Amino acid sequence: MKSSAVVHEYFKRVFDDYIVLVQLNPIDYSGLELIVHPNKKLEKTKMQFDEDIKEDLEVDEFKSITALEFNLYLKGLV
């Protein structure tokens, strides 16, 4: 039986008036992007990234975060 346990990676960047968070599956480069607006409105978009996504996030000054932080934003608790 094949294991489906994937350890996602999480990234965040704070802009002037909104926050972008990224959940990345490092095996198939799928993920979820969250945009948190100043009024706490949350946009969720399923994404398909390419193999350069980690380098792209680094260039764009995204920082690594924990799964807990990502999920707090996802649940609207932050």
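Below is a summary of the structure that appears in this document. (Residues numbered from 1 in each chain as written. Predicted model: local features only at pLDDT ≥ 70, side-chain atom pairs only at ≥ 80, totals over all residues. Heavy atoms only, no water.)

### Observations concerning the side chain of Glu33
The residue Glu33 is located in strand β3 (residues 30–36) in this model. It is Arg13 that comes nearest to the buried, bridge-free Glu33 among opposite-charge side chains, at 11 Å. The contacts of Glu33, once residues within four sequence positions are left out, are Val20, Leu21, Glu43, Lys44, Thr45 and Met47. (Helix = DSSP H or I, 4+ residues; strand = E, 2+ residues; numbered from the N terminus. Buried < 20%, exposed > 50% of the residue type's maximum accessible area, 1.4 Å probe, protein only. Lys, Arg positive; Asp, Glu negative; His and termini not counted. Salt bridge = Lys/Arg side-chain N within 4 Å of Asp/Glu carboxyl O. Contact = heavy atoms within 4.5 Å.)

### Re unusual backbone geometry
In the Ramachandran plot, Tyr29 falls in the positive-phi region, its phi being about 60° despite a non-glycine side chain. Mapped onto the elements of the fold, Tyr29 is located in the loop between β2 (19–24) and β3. One non-glycine residue, Lys40, lies in the positive phi region at around 75°. Relative to the assigned elements, Lys40 resides in the loop between β3 and β4 (42–48). Residue classification places Lys40 among the exposed residues on the basis of a relative accessible area of 58%.

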